[in-house]
Structures are given as structure tokens and as C-alpha cells.
Amino acid sequence: MKVAIVGASGAVGQEFLRVLEERNFPLDELVLFGSERSAGKKYTFRGKEHEVQLLKHGDDFKGIDIAFTSAGAGVSKEYAEDITKFGAVMIDNSSAFRMDNDVPLVVPECNAEDALVRPRGIIANPNCTTIMMVVCLKPIERLSHINRIHIASYQSASGAGAAAMAELQQQYKQLANDEEPTVNKFAYQLAYNVIPQIDVFTDNGYTKEEMKMFNETKKIMHTDARCSAMCVRISSLRAHSEAVWVETDEPISVEAAQEALAAAEGVTLIDDPKKVGNKANADATKETMENLPYPMPLFTGGKDDVYVGRVRKDLSCDNGLTFWLSGDQIRKGAALNAVQIAEYLIKVGNVK
């Protein structure tokens, strides 16, 4: 098994290296590709040093079985033919092909089988917020069909890449020193702020990020459910959170929803509000995540699962439920999901 990572120096590319090593992914040879800026950099994988090669047109992907790509939509579109022409499976983390009819959009916990039909040799990794949401929607969908979804996302700096994470940290330092904060990666200062815009606005007033959730949810879950999202950038460093409201055909009890979520693959339920109650608990931050009543980015960063809590009935809707989730955007929202797709293909013998 020969594997390539395109965009190896980026935040997701680096996470690919960690995830592949942690999960003991069955590869025999690893090849790293990057831009002119990244070419020549060296990274250690399984005790061996690997040098990043310059990504260029040609036959460099001959012999590659699986290529994980995370270098932006433009790069994915430009090099897709080079990557796939010798039979490599391209698992793409960009938005380039997500809504193409001949490219499957896959979250293994929801629609792994879709990855088996890929006419162009490409499988698309969904948007990070969509991935984490549908992992939690699938067990509820099994109880009763979901026909409507409302979501407010609370997305960390990591969603905009390693440079954005560094800028947030820099802003806090600058503000602490009474200096003017550097603002390059976001429309406004993110430190001590929230920004109700992720990606550009479309004609209907929604941003592209919000429309991704609308369109991608339908494709992944093969559903007619409509999703209305408000996506917000917050000043946490890593791990996104989401407040989700769903309306189902039949009413679902809180207990049934909790049981389904707790049993679902890729989900950890942390939902015991009685532990803190209605008063502030000075010792709460000292407890481990397992003893807390709800998930937070402070504890979900670096974890594989999507963590769910605050499950309750929607007081505005007889057939409604609402819940809170938090998960690592770079892991399950990107690198881990792609690796899980590859693991599924290997398991069923669907790699060349």
C-alpha cells in the first residue's frame, strides 16, 4: 500500500501524519507533496524522515494507491487528473468536488457504501461542520425521519488553517501588550470577539459555509431534510461546536435520543446537567471531561469522537429535539474522516 499526502505542511496535512501513525494505517510507503514553499521540508513518520516533494504535473502519482489531498480547491481541481490517472483513489478534503454528481461525499458512519461508486476516482470529504452534525443526526434519523434542521455553529480558528490559529494567539498577546492586533486571516479581530460570517455571502443572504451545510447534508444522508444554518467564528483555538435543533416526523423522547446517540459509532454522550446544576462550580474546570455535564472545545480538541450533550425537547415544537455537540475540526472534521474512508475501502477490498 503506497499512500500520498498532498498539502503535507498544512494543519490538516500534519494531522494526516498523526492520524495515520496513531491508527497504524496499513501502508508500506508514504510520499509527501507540497507547494514550492513547502518542498524540501522534512517530517518524521514512524521513525523515518520524509521530505516533501514539489507537487507538479506529470507521473509522480504512478503506483500510488490512495492520495489524501488538502491543499485547497484550486489545487485539487488542477491536479485531480494527475493524481487519479494511474488508478489512485483521491480522497479530497477541499470543496472542489463535493456537490459533483459523479463524486461521492462520504462520512463513514452515515454513508460508507457511497465511496464504492466513484467514476472519477475521487471521493470528497465534506465540510467540517457538516461532518460532525450528520454523525449525530444519523442515529436520530433511525428513530424517526428528520424533516427540518436548524443549526448555530461556533467555529474555532482552526477552521481557517494553521496561520489563522497562529494569528489568534498573536492577537491575544498583542492586545495584552496594548498593541494593535494583526488582522489578516479574518474579516475582523477574532480575539475577544465573535464573527457571524464564515466564507463569502451568497445572493440569498447565507454564506457559502451555511449553504454547504444545506446542500451537503442532503447528499450525505440521502434526505429531503432542509438545514438552515448560522455559522459563527469564535475565539477558541481548536474544535468546533454546534447547537442543533431537529424536527422529526414522530416525537422522540429525550431518553430514546440519548440512548441512540450513546450507542452510535463515533459519538460520545456527555449529558448530565445535574452535576453542576444552576450554580457556578469553581471546581468544574478541574474535573476531567468524563465528569463534566456537557462537552466543550477545551476538552474535545485532539479527540476522535463527536461529543454530544444538552439533549432536550424543543419547547417550540412538539416533534422537536435540540442538542449541543463539540468535536475536533482538524481530526473528525477533516483528516480522521478521510482516513476512515480509506480504512473502509481497504476493509472491503475496494482499493486497486
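To be clear, the structure that these remarks concern was listed above.
Q: Outline the pairing of strand β11 (residues 240–248), supporting the account with residue identities and numerical values.
A: With seven of its nine residues buried, β11 lies for the most part within the structure. Direction of pairing for strand β9 (residues 146–155) relative to β11: antiparallel, over a ladder of eight bridges. Opposite Y154, over in β11, you have S241 as the bridge partner. Sheet topology note: the β11/strand β14 (residues 320–327) ladder contains eight bridges and is antiparallel. Bridging from a neighbouring strand, V244 pairs with F323 of β14.

Q: How would you summarise the packing of aromatic side chains if you had to cite specific residues and measurements?
A: Scanning the entire structure with this criterion turns up five aromatic pairs. Centre to centre, the rings of Y154 and W324 are 5.4 Å apart; their planes meet at 50 degrees, and the pair counts as tilted. In this pair, Y154 sits in strand β9 while W324 sits in strand β14, placing the two residues 170 residues apart along the sequence. A residue is classified by how much of its surface remains accessible, and Y154, at 32% relative accessible area, is partly exposed. Residues Y172 and Y192 carry aromatic rings whose centres are separated by 4.7 Å and whose planes lie at 85 degrees to one another, so their mutual orientation is edge-to-face. Of this pair, Y172 sits in helix α5 (residues 162–176) while Y192 sits in the loop between α5 and α6 (208–221), and the two are 20 residues apart along the sequence. Judged by relative accessible area, Y172 falls into the partly exposed class, the value being 25%. Owing to a relative accessible area of 62%, Y192 belongs among the exposed residues under this scheme.

Q: Before we move on, can you summarise the nonpolar core with the specific residues and values?
A: Within the largest apolar cluster, 54 residues are counted, with the highest numbers of intra-cluster contacts made by F61, L137, I149, V244 and F323. Counting residues per element, this core draws most heavily on helix α4 (residues 128–143), at eight residues. For V244, the residues in contact, after removing those within four places along its chain, are M133, L137, I149, H150, I151, L321, T322, F323 and L325. Residues A8, V52, I123 and I195 belong to the second largest nonpolar core, which totals 43 residues.

Q: Please provide a residue-by-residue account of the packing of α4 against helix α7 (residues 254–263), values included.
A: Where α4 contacts α7, the two axes come as close as 9 Å, and the packing angle between them is 130 degrees. Relative to α7, α4 is oriented oblique. α4 and α7 meet at a crossing whose hand is right-handed. Of the residues in α7, those in contact with C136, P139 and L143 of α4 are A256, A257, A260 and L261. Residue composition of the contact of α4 with α7, by class: seven nonpolar, no polar and no charged.

Q: Break down unusual backbone geometry for me, with residues and values.
A: Phi is mostly negative for residues that are not glycine, and the peptide bonds are mostly trans. Phi at D178 is positive, roughly 60 degrees, even though this residue is not glycine. Mapped onto the secondary structure, D178 falls in the loop between α5 and α6. Looking at D178, the relative accessible area reads 75%, which means it is exposed. A positive phi angle is found at Y192, which is not glycine, with a value near 60 degrees.

Each value, and the rule that gives it
- Residues numbered from 1 in each chain as written.
- Predicted model: local features only at pLDDT ≥ 70, side-chain atom pairs only at ≥ 80, totals over all residues.
- Heavy atoms only, no water.
- Buried < 20%, exposed > 50% of the residue type's maximum accessible area, 1.4 Å probe, protein only.
- Helix = DSSP H or I, 4+ residues; strand = E, 2+ residues; numbered from the N terminus.
- Pairing = 2+ DSSP bridges.
- Phe/Tyr/Trp six-rings, centres within 6.5 Å; stacked < 30°, edge-to-face > 60°.
- Core = buried A, V, L, I, M, F, W, Y, C linked by side-chain atoms within 4.5 Å.
- Contact = heavy atoms within 4.5 Å.
- Axes fitted to C-alpha atoms, helices over the stretch in contact; angles between N-to-C directions.
- Parallel < 35°, antiparallel > 145°, perpendicular 65-115°, else oblique.
- Left-handed = near helix turned anticlockwise from the far one by under 90°.
- Nonpolar A, V, L, I, M, F, W, Y, C, P; charged D, E, K, R; others polar.

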